[in-house]
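# A closer look at the structure
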Amino acid sequence: IYTSGTTGDPKGAVLTHSNFVSNVLSCTEAFRIESRDSCLSILPLSHALERTGGYYAPLSKGVTIAYAENFNAVGENLREVRPTFIISVPRFFEKLYERVNDRIAMETAARKKLFAWAVRSGRERTRERAGGRGSAPARLRHLAADALVLKKIRSRTGGRLRFCVSGGAPLSPEIAE
């Protein structure tokens, strides 16, 4: 497989069948991928991340794989397909983050404040869960934030996403949360 050459000239990388099988087994176990899941494929299959996480892993579990019409149609495709997971590169998630923030920038001061509170609540809940803990007040705040704000944003991605995977380059912690 050849790299895209984003940081220089494309370079060949030897990946064996065993490499792919090992990655598929690890991914399907770590993310508990099951046949009832569905995936929206965004990247080209020539991308090693997409080939492994968006094709081989889902295929190994009988997951439905839908293919985005093109990059500009991903938002519409998310609502149509209602995937349970997506895999992409950081730039996709950065653009999604920018789009949400651009939309919020046009809202009233009260809505901006409510949105900022909901995001803080979501980040707090994410950090607690990542640390294997959770407080009742944080759970209640997150439930309220979800009911008022977050589920509306989630519905724009089809409303069923269980997880997103970013790979191929570093993703900023802010966007990951």
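Just above sits the structure.
Residues numbered from 1 in each chain as written. Predicted model: local features only at pLDDT ≥ 70, side-chain atom pairs only at ≥ 80, totals over all residues. Heavy atoms only, no water.

Quick look at the packing of helix α4 (residues 90–105) against helix α5 (residues 109–130) now. The contact between α4 and α5 brings their axes to 9 Å, and the two run at 145 degrees. Seen from above, α4 lies across α5 with left-handed handedness. Contacts from Tyr97, Val100, Asn101, Ile104 and Ala105 of α4 reach α5 at Lys112, Phe115 and Arg123. For the contact of α4 with α5, the class distribution of residues is five nonpolar, one polar and two charged. (Axes fitted to C-alpha atoms, helices over the stretch in contact; angles between N-to-C directions. Helix = DSSP H or I, 4+ residues; strand = E, 2+ residues; numbered from the N terminus. Left-handed = near helix turned anticlockwise from the far one by under 90°. Contact = heavy atoms within 4.5 Å. Nonpolar A, V, L, I, M, F, W, Y, C, P; charged D, E, K, R; others polar.)

Let's shift gears to the environment of threonine 108. Note on placement: threonine 108 falls in the loop between α4 and α5. Distance in space between the C-alpha atoms of threonine 108 and proline 10 is 47 Å, their sequence separation being 98 residues.

Counting 10 residues, the largest nonpolar core consists of Leu40, Ile42, Ala66, Ala68, Val74, Leu78, Ile86, Phe92, Phe93 and Ile175. Of all the secondary-structure elements, those providing two or more residues to this core are α3 (74–81) and α4. If we ignore the near neighbours within four places in the chain, the residues touching isoleucine 175 are Phe93, Glu94 and Tyr97. Cys39, Ile87, Phe163 and Val165 belong to the second largest nonpolar core, which has seven residues in total. (Core = buried A, V, L, I, M, F, W, Y, C linked by side-chain atoms within 4.5 Å. Buried < 20%, exposed > 50% of the residue type's maximum accessible area, 1.4 Å probe, protein only.)

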